[in-house]
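An overview of the molecular structure
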Amino acid sequence: MAEKVLKKPRSFYDIYERNPSADKKMPHYCPGCGHGNVHKFIAEALDDFDVADRTIFISPVGCSVFAYYYFDTGNIQAAHGRAPAVATGIKRAHPHSIVISYQGDGDLAAIGTAEILHAANRGENITVFFINNAIYGMTGGQMAPTTIVGQKTTTTPYGRRPQNEGYPVKIAELISQLEAPVYVERVALFDNKHRAKARMAVRKAIKNQVDNLGFSLVEVLSPCPSGWKMDPVDAMHWIEEEMVKVFPLGVYKDITKEVEPYHIEEFKPEAEEIKELLDLKTESKSFARSTVPEKYKNPEIKIAGFGGQGVLLLGAALAQAGMLQDYHVSWLPSYGPEMRGGTANCHVNIREIEIGSPVVANPSILIALNRPSLEKFEPDVQSGGLIIYDSSLIDIEPSRKDVEILAIPSTKMADELGNTRIANMVVLGAIAGYTNFFDLKTLFETLNTAIKRKNLIEINRKAVETGYQFGKEHRVK
Amino acid sequence: MGKLLVKGNDAIVRGAILAGCRVYFGYPITPASEIAETAAKYLPKVGGTFLQAESEIASINMVYGAASGGVRVMTASSSPGISLKQEGVSYAAGAELPCVIVDVMRGGPGLGNIAPEQSDYNQIVKGGGHGNYKCPVLAPYSAQEMSDFIQLAFDLAEKYRTPVYVLTDGYIGQMMEPVEFGEPKTDFPRFDWALYGDAESKQNLISSIYLEPDELEEHNRKLQRKYAEIEANEVRFEDFMLEDAEIVLMGYGIVSRVLKTVVEKLREEGVKAGLLRPKTLFPFPKKKIAELAQRVKKFLVVEMSNGQMVDDVRLAVNGKCPVEFYGRMGGNVPTMKEVLEHSKKLMEA
């Protein structure tokens, strides 16, 4: 007959060096506490599946916050209730690791309700052990979300009353309603038979993760003689007689035979591929600057109109063209409260030297594509500046006498070209033609970047060209 | 690579990925959502993970988890969301975990509004959560700096094992400017403190618990030494026309852009003005300020807040010259004109 050697699982440290207490061989838990049982089941399972080396154990606030004294695994101590989120983080960073979130009732079912629900709902490939002892053990016996009706605690000195505190939260039932979790079971620790069942549940929950099956949760009804102010034997009876009535034992969900294991393919692109994937593979193009009359240099441009008129794109195209000619440029869209009411505007600076504020409060060039914009911004234009407006849509004329005015029926021109939506590009051409700021070559290159749909580039080129001729013909002599 | 015309919120994500960030956890909030959206677009392409968390608190704790694994990880939010994250940042500071948090500030307190403010200065620069900690804070003022600073943020985070903030506002995020992106970083060191889910790293413990008062005090002293080292090595600022300046304008982020134009205009009118623009808010350019305070007539600090950075300026000036403050709140960006008028009045006084 083989000799059976009884010893500590290898997944525990031999000596608990991290425990500040003088005795480095004894755990810090109280006599009769259930944590020791569950710790042992976990350590044995880690041994048997030979995964302790790649296990990362997460211990949030509660008596088990010091689980890192014992487990010879990677250890993370986490904030109260946040262990499932921390587990998500490390599991996503290192998917091959075995991540265990070990939580008490206050942690999991009160302050961390959101974290557990959503980690479960995402089907994180982690294992959660939920120690339900119906009390806050660590802080000295206050009410837990799982405290049963009538149970006296330091914060329910007259017993838990549903009228005031509601009913105990049933986690196994709750989590098993979600689609993603693969395995949810509630077990208890009150006698050998049930401890053996608990041990099997712990093993299965860990094995599920080793097999990449998904999210498992085991709820353990566990004794807390200190918190309950009972001796350990009475505590066992209390689980059997009182707790089990409220928290029925059993498998609440098991779809482990039906689900496909996760497959995580690691992809580590090289430098060149990364640039490609980030759309950063662009040629450095540079175009010669045109000879620009002094008054049009360093324009501060405001473009305004209805949403849908391509106001932002027109601004972006101007900035893009400026960039191609190595100017300093900035583009700022209307932002915040300004955005309301269906109007859009943007601010563009094209400057020979560095741009300070990107905000254009007093434009040197105002492009107004609808009447409200013209009325609103006309007074702000710098004296000697330029107003360009769509005379096919705006039925008034600017009243300023100290500025240049270019009235262009851009919408009508766009219609004649066959597409109302290119009116903005007619205007782009017109500004360039009128001020001689950009040549057509630069504008055409701009379209290659600004227009995402390649089949629209041709018609936009026509728009720019038509606008350019119009602008050129209307230059001030 | 050529220059690209991109938004600040885009530049910061692509910059982060170039810096080697492959994991992002976040919760949507205006005006920071574009950062999450851009991360959601690009991270899966390069073999990374983007995850929209159930809450700000969950997202910072996911960051805590991934940071424990020694990978480059980030999150982004805006002011009310940052308030929620403070618990997690305190834990990360205590456990000395490198990670990067972007705050695209908006108007407060409470729900406030979504327009740009700079009223998070105190909660970001002074620690923010519980405990004796501070985080390096970088304040970009252009799309280019959004890309550059996020990369620097990861480097600093790892060098000093600390959370690092990039503090910015809706304007810098929304603005498009030409950006020259750097080269991708592809090799990463293995840290002796991190958890990789293997035998070599399993002895490591990520924790902020020190039960014994002496131990916790020693841990705190160690943190303070680290912050002193950061103060000694990592101060960054821009000096714009300070050499002969009589009035020093100070501001960061979008405000400093306005101030640059104000300085130009003041100079045109014969006023000797200069701009001191902190690029790092912690560490703060205290020495430079103290040195200027010896020889200039005045400081004018401009913020989109009730005056938060100005306190640090006053501490550094230490009564050597007057420190004036001009602030706008509620999402109003001070215009060049109003600051110009205010500065002129101050110089006449």
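Residues numbered from 1 in each chain as written. Chains lettered and ligands numbered in written order. Predicted model: local features only at pLDDT ≥ 70, side-chain atom pairs only at ≥ 80, totals over all residues. Heavy atoms only, no water.

Across its full length, chain A carries 16 helices and 15 strands. Taking 2.2 N^0.38 as the reference for a compact globule, 477 residues should give roughly 23 Å; the C-alpha atoms of chain A span a radius of gyration of 35 Å, well beyond that estimate. Across its three principal directions, the C-alpha atoms of chain A cover 110 × 55 × 45 Å. In chain A, which comprises 477 residues, the proportion classed as buried is 55%. For chain A, long-range pairs separated by at least 24 residues make up 64% of all intrachain contacts whose partners lie at least 6 apart in sequence. (Helix = DSSP H or I, 4+ residues; strand = E, 2+ residues; numbered from the N terminus. Rg over C-alpha atoms; globule rule 2.2 N^0.38 Å. Buried < 20%, exposed > 50% of the residue type's maximum accessible area, 1.4 Å probe, protein only. Contact = heavy atoms within 4.5 Å.)

For any pair of aromatic rings, the description rests on two quantities: the centre-to-centre distance and the angle between the ring planes. Residues and elements named next belong to chain A. All told, the structure shown has 17 aromatic pairs over all chains when counted by the stated rule. Ring centres 6.1 Å apart and planes at 55° place the aromatic pair Tyr296 and Tyr434 in the tilted group. Placement of the pair is Tyr296 in the loop between helix H10 (271–277) and strand S10 (300–306) and Tyr434 in helix H14 (residues 423–435), with a sequence separation of 138 residues. Each member of the pair, Tyr296 as well as Tyr434, is classed as buried. (Phe/Tyr/Trp six-rings, centres within 6.5 Å; stacked < 30°, edge-to-face > 60°.)

With that settled, the discussion passes to the pattern of salt bridges. What the rule picks out here adds up to 53 salt bridges over all chains. Where Asp48 of chain A meets Arg203 of chain A, a salt bridge forms, and the shortest distance between an N and an O atom there is 2.5 Å. You can see Asp48 of chain A sitting in helix H1 (residues 35–49) and its partner Arg203 of chain A sitting in helix H7 (residues 192–210), a full 155 residues away along the chain. Given the relative accessible area of 47%, Asp48 of chain A is considered partly exposed. Linking Arg277 of chain B and Glu238 of chain B is a salt bridge whose minimum nitrogen-to-oxygen distance equals 2.8 Å. Placement of Arg277 of chain B in strand S12 (residues 273–278) and of Glu238 of chain B in strand S10 (residues 237–240) is noted, with a sequence separation of 39 residues between them. For the pair Arg277 of chain B and Glu238 of chain B, a shared accessibility class is recorded, and that class is buried. The network of salt bridges with shared partners includes Glu354 of chain A together with Glu145, Glu238, Lys260 and Arg277 of chain B. (Salt bridge = Lys/Arg side-chain N within 4 Å of Asp/Glu carboxyl O.)

Next up on the list: unusual backbone geometry. The peptide bond linking Gly108 of chain B to Pro109 of chain B adopts the cis configuration, its omega dihedral lying at 0°. Within the secondary structure, Pro109 of chain B sits in the loop between strand S5 (99–105) and helix H5 (121–125). Backbone torsion omega between Phe282 of chain B and Pro283 of chain B reads 0°, so that peptide bond is classified as cis. By the element assignment, Pro283 of chain B lies in the loop between strand S13 (280–282) and helix H10 (286–293). Of note, Asp279 of chain A is a non-glycine position whose phi angle comes to about 55°, a positive value. Of note, Asp279 of chain A is situated in the loop between H10 and S10.

A few words on the domain arrangement of chain B. Residue and element names in this part refer to chain B. Segmentation of chain B into domains returns domain 1 (4–233) and domain 2 (238–348). In this structure, domain 1 and domain 2 have C-alpha centres spaced 28 Å apart. Contact residues are listed per partner, giving 32 residues for domain 1 and 28 residues for domain 2. Taken together, the two surfaces of domain 1 and domain 2 that pack against each other cover about 2500 Å², and 55% of this comes from carbon and sulfur. Contact with domain 2 buries area across many residues of domain 1, yet Gln118, Tyr121 and Tyr141 alone supply 31% of it, more than any other trio. For the side of domain 1 that touches domain 2, the secondary-structure elements that each account for two or more residues are H5, strand S6 (137–138), helix H6 (143–160), strand S7 (163–169), helix H7 (170–174) and helix H8 (213–233). (Domains from an automatic or database assignment. Buried area = accessible area lost by both parts, 1.4 Å probe.)

A few words now on the side chain of Ser11 of chain A. Residues and elements named next belong to chain A. Position of Ser11 relative to the elements: it lies in the segment before H1. Within the local environment of Ser11, its side chain forms a polar contact with the backbone oxygen of Ala43, the two atoms lying 3.5 Å apart. If sequence neighbours within four positions are ignored, Ser11 has contacts with Ala43, Leu46, Asp47, Ala52, Tyr70, Phe71 and Asp72. (Polar contact = N/O pair within 3.5 Å; in protein donor to acceptor, adjacent residues only side chain to side chain.)

Time to look at the sheet that holds S12 of chain B. Residue and element names in this part refer to chain B. Strand order in the open sheet made by the five strands is S10-S12-S11-S14-S15, with mixed pairing throughout. Lying at the two open borders of the sheet, with one neighbouring strand each, are S10 and strand S15 (323–327). Across this sheet, the average inter-strand angle for adjacent strands is 20°, counted without regard to direction. Across four bridges, strand S11 (residues 247–250) lies against S12 in parallel orientation. Paired with Met250 across the bridge in S12 is Leu276. Here helix H11 (residues 309–317) sits on the sheet and contacts S11, S12, strand S14 (298–303) and S15; the angle it forms with S14, its principal contact strand, is near 160°. (Pairing = 2+ DSSP bridges. Axes fitted to C-alpha atoms, helices over the stretch in contact; angles between N-to-C directions.)

Moving on: H14 of chain A. Residues separated by three or four positions in an α-helix point in the same direction, a consequence of the helix having 3.6 residues per turn. The terminal C-alpha atoms of H14 of chain A, which comprises 13 residues, lie 18 Å apart, in line with the 18 Å expected from a rise of 1.5 Å per residue. Counting buried residues in H14 of chain A gives 13 out of 13 residues, a clear majority hidden from the surface. (Expected span 1.5 Å × (residues − 1).)

This part takes up the interface of chain A and chain B. Across the contact, 69 residues belong to chain A and 70 residues belong to chain B. Roughly 5800 Å² is buried in total at the junction of chain A and chain B, and carbon and sulfur atoms are behind 64% of that figure. On inspection of chain A and its partner chain B, the count reaches seven salt bridges. Across the chain A-chain B interface, the total number found is 27 residue pairs in polar contact (both at pLDDT 80 or more).

As a further point, take the sheet that holds strand S3 (residues 49–52) of chain B. All names here are of chain B. The strand order across the open sheet formed by seven strands is S3-S2-S4-S5-S7-S6-S13, and the pairing between neighbours is mixed. Each of the sheet's edge strands pairs with one partner strand only, and the pair in question is S3 and S13. Bridge analysis of S6 against S7 gives two bridges, and the strand direction is parallel. Each residue of the ladder has a partner; that of Leu138, found in S7, is Val166. Those strands touched by helix H4 (residues 79–94) are strand S4 (73–77), S5 and S7, and its axis lies near 160° from that of S5.

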